[in-house]
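One-letter residues, chain by chain:
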Amino acid sequence: MITKFKRTATLAAAAALMLASGPAFADYPDRAVTIICPWSAGGGSDATARIVAKLLQDELGQPVNVVNRTGGGAVIGHTDMAEAKPDGYTLGNITTELSMFHWLGQSDLDYTSYTPIGLFNADYGAVFVATGSPYKTLQGLVDALKQDSAAVPAGGANIGGVNHLAWAQLVNEAGGREAFWVPSEGAAPALQLLTSGVIQAAVVQFPEARALLDAGEIRPLATLGTERNVNYPDVPTVKEAANLDVAISGWRGLAAPKGTAPEIVATLGAALEKVTASDEFKAFMEARQFGPTYLPPEKFEQYLADRDAQFGNALKAAGLAK
């Protein structure tokens, strides 16, 4: 009798739990959702987080607010995301830097610290040279790097940034021994160095190079994307131009704390897919020349794993990995 009573009680408890949890997930969300952005207001990460929040609000039927948690080169914001309660009400706009933290010794955080919801932005740079450069094709530049990479100075922004890592990976794949990188405070100063002949190549984004491209002062040799840039369809990928596997980008995506229920992730993933397919999102991204790139939760998780390995290899090639 006692055993039968215990079994009946256990089954009743399990049934009660299922009944309690079912409606909770079905009603999600029933209050405001917060998205943590690890960068300051006004930047690209903030801008994309806010358009995603605005459109998610329409899909979820609840307020979606963006909170900026800055500091530590995005470590603070990413830490707050990871440590939030995994109930679906605190999400995070995870960014490129997550692929670098543990390699640089800045934090133990990596992609496994989160539950991926979806990628919504990836921006690939490109390799540019001055119009009068002797390098007419990427293959010509690759041949020079293989012969003496230290004799080919390049720039594009700070040391350890995504542009630097892209160049380091290109040098490594070309068979060069050392990446000669001239740091600068952003793409604009780097392009000035390029046009003045201080550096021989620059790795920057197409929007950053547009003015000089239109003026005929620089030429793109190849895009660092896996596909050609839709706005510059005549520019080949690195794979097409030199048969090298170099495709590295800055990226942004939506994630939840680790341990978030699959039902909540499915709801958020479906909503984000609709957001990224909307005309408003596409128009916003196009106007600012951000790359709208959507991946669902499972594919985003693999994307993050691939980026972690890729950035690790690039940081090692640049001599920056700890």
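Up top you'll find the structure we're talking about.
Values in this document were obtained by computation on a predicted structure and should not be read as measured data.

Caption draft 1: Here's a closer look at the overall build of the chain. The secondary structure content of the chain amounts to twelve helices and nine strands. Excluding contacts between residues fewer than 6 apart, the proportion of contacts in the chain whose partners are at least 24 apart in sequence is 77%. Approximately 15100 Å² of the chain is accessible, and the part contributed by carbon and sulfur atoms is 53%.

Caption draft 2: Up close: the packing of helix 10 (residues 262-277) against helix 11 (residues 279-287). Two elements in contact, helix 10 and helix 11, have axes whose closest approach is 5 Å; the angle formed by their N-to-C orientations is 60°. Classified by the angle between their axes, helix 10 and helix 11 sit oblique to one another. On helix 11, the residues touching Val 275, Thr 276 and Ala 277 of helix 10 are Asp 279, Phe 281 and Lys 282. Residue composition of the contact of helix 10 with helix 11, grouped by class: three nonpolar, one polar and two charged.

Caption draft 3: Region of interest: the packing of helix 5 (residues 138-148) against helix 6 (residues 162-174). For the pair helix 5 and helix 6, interaxial distance at closest approach is 8 Å and the crossing angle is 75°. One element, helix 5, and the other, helix 6, form an angle in the roughly perpendicular class. Listed contacts from helix 6 to Leu 138, Leu 141, Val 142, Leu 145 and Lys 146 of helix 5 are Trp 167, Leu 170, Val 171 and Ala 174. Per-class residue counts for the contact of helix 5 with helix 6 are eight nonpolar, no polar and one charged.

Thresholds, definitions, all that
Residues numbered from 1 in each chain as written. Predicted model: local features only at pLDDT ≥ 70, side-chain atom pairs only at ≥ 80, totals over all residues. Heavy atoms only, no water. Helix = DSSP H or I, 4+ residues; strand = E, 2+ residues; numbered from the N terminus. Contact = heavy atoms within 4.5 Å. Areas by Shrake-Rupley, 256 points an atom, 1.4 Å probe, with all protein chains shown as cover. Axes fitted to C-alpha atoms, helices over the stretch in contact; angles between N-to-C directions. Parallel < 35°, antiparallel > 145°, perpendicular 65-115°, else oblique. Nonpolar A, V, L, I, M, F, W, Y, C, P; charged D, E, K, R; others polar.

The values reported here are purely geometric and, on their own, carry no functional implication.
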